[in-house]
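Descriptive analysis of the structure
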Amino acid sequence: AQSVTQLDSQVPVFEEAPVELRCNYSSSVSVYLFWYVQYPNQGLQLLLKYLSGSTLVKGINGFEAEFNKSQTSFHLRKPSVHISDTAEYFCAVRNSGYALNFGKGTSLLVTP
Amino acid sequence: DAGVIQSPRHEVTEMGQEVTLRCKPISGHDYLFWYRQTMMRGLELLIYFNNNVPIDDSGMPEDRFSAKMPNASFSTLKIQPSEPRDSAVYFCASRRGTTNTEAFFGQGTRLTVV
């Protein structure tokens, strides 16, 4: 089964600063990649997805991610974060059976 | 649509008791997934269904866990008997079975076994 690795368990950042959350996936013929966000005591909400086509994917809340096949990466970025972006972020890859394999998550903490 | 609906939101039970978690997927979705989230292991897939049929239950940790989907609008995850190490947040998710659709998650059930 395909898998993803999130390289940072916690990322502290100041408000209005840029942020990058890193994700690497195991190589395969084709991959479908996702980023989900989880706010405290909530379920997971889709931020963005890469299925095919343009390698730069734009999502909700000003987030974007770039699919890099040569580096097997799918890093999430935002040019200027807000306090409200404080949450847990999960990278995921879909297996051939349609289930998602999630990374361990990255806790983003935005402070004033 | 109201989204994926899980009940209860919180469950506290004593070790050895039977626990039943419930999920109503989004109407028209033909895939349903059960995940478990813990600090130690993150999000783990337990089982998933397609058109009410279990497809992969290799993530179910033990025989104490069982899941059913009697119809397209309802699924249960049962733990009998429950143990303290089963304490976790259990998520249900559903999706339509086309390539470019994502899974939608419920709010989760926080289970505490004491």
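All figures in this text were calculated on a predicted structure; none of them were measured in a lab.

1. Structural notes on the sheet that holds strand 8 (residues 74-79) of chain B
Residue and element names in this part refer to chain B. The strand order 1-3-8-7 describes an open sheet built from four strands, whose pairing is antiparallel. Two strands close off the open sheet at either side, each with one partner strand: strand 1 (5-7) and strand 7 (65-71). Recorded for the sheet is a direction-independent mean angle of 15° between the axes of neighbouring strands. Two elements, strand 7 and strand 8, share five bridges in a ladder whose sense is antiparallel. Residue pairing across strands places Ser66 opposite Lys78, the latter belonging to strand 8.

2. Focus on the nonpolar core
Residue and element names in this part refer to chain A. Of all hydrophobic cores here, the largest spans 27 residues; its most connected members are Trp35, Leu48, Leu76 and Tyr89. Among the elements that take part in this core, strand 10 (residues 87-94) stands out by supplying four residues, more than any other. When residues no more than four places from it in sequence are discounted, the contact partners of Tyr89 are Gln6, Leu21, Trp35, Tyr36, Val37, Leu47, Phe63, Leu76, Gly105, Thr106 and Leu108.

3. Regarding unusual backbone geometry
Note on backbone geometry: most residues besides glycine have negative phi, and most peptide bonds are trans. Residues Ser7(B) and Pro8(B) are joined by a peptide bond in cis, for which omega reads -10°. In this structure, the amide linkage connecting Gln80(B) to the following residue, Pro81(B), adopts the cis form with an omega of -5°. The residue Pro81(B) is located in the loop between strand 8 and strand 9 (88-95) in this model. In the Ramachandran plot, Asn61(A) falls in the positive-phi region, its phi being about 60° despite a non-glycine side chain. Note that Asn61(A) resides in the loop between strand 7 (56-58) and strand 8 (64-68). Looking at Asn61(A), the relative accessible area reads 40%, which means it is partly exposed. Residue Asn52(B) is not a glycine yet carries a positive backbone phi of 75°. With respect to the helices, strands and loops of the structure, Asn52(B) is situated in the loop between strand 5 (42-50) and strand 6 (53-56).

4. What to know about the interface of chain B and chain A
Taken together, the contacts link 24 residues of chain B with 19 residues of chain A. Applying the counting rule to chain B against chain A returns one salt bridge. Secondary structure elements with two or more residues in the side of chain B that touches chain A: strand 4 (31-38), strand 5 and strand 9 of chain B. Looking at the side of chain B that touches chain A residue by residue, the classes come out as 10 nonpolar, nine polar and five charged.

5. Quick word on the side chain of Asn50(B)
Residue and element names in this part refer to chain B. Mapped onto the elements of the fold, Asn50 is located in strand 5. Of note is the side chain of Asn50, whose polar atom sits 3.1 Å from the backbone oxygen of Asp30. Leaving out residues up to four positions away in the same chain, Asn50 has contacts with Asp30, Tyr31 and Ile55.

6. A few points about the environment of Gly43(A)
One can find Gly43(A) in the loop between strand 5 (33-38) and strand 6 (44-50). Residue class for Gly43(A) comes out buried when judged on its relative accessible area of 9%. C-alpha of Gly43(A) to C-alpha of Ser73(A): the two residues are 30 residues apart in sequence and 25 Å apart in space. Those residues in contact with Gly43(A) that lie beyond four places of it in its chain are Val37(A), Gln38(A), Phe91(B), Gly106(B) and Gln107(B).

Reading the values: the criteria
Residues numbered from 1 in each chain as written. Chains lettered and ligands numbered in written order. Predicted model: local features only at pLDDT ≥ 70, side-chain atom pairs only at ≥ 80, totals over all residues. Heavy atoms only, no water. Pairing = 2+ DSSP bridges. Helix = DSSP H or I, 4+ residues; strand = E, 2+ residues; numbered from the N terminus. Axes fitted to C-alpha atoms, helices over the stretch in contact; angles between N-to-C directions. Core = buried A, V, L, I, M, F, W, Y, C linked by side-chain atoms within 4.5 Å. Buried < 20%, exposed > 50% of the residue type's maximum accessible area, 1.4 Å probe, protein only. Contact = heavy atoms within 4.5 Å. Salt bridge = Lys/Arg side-chain N within 4 Å of Asp/Glu carboxyl O. Nonpolar A, V, L, I, M, F, W, Y, C, P; charged D, E, K, R; others polar. Polar contact = N/O pair within 3.5 Å; in protein donor to acceptor, adjacent residues only side chain to side chain.

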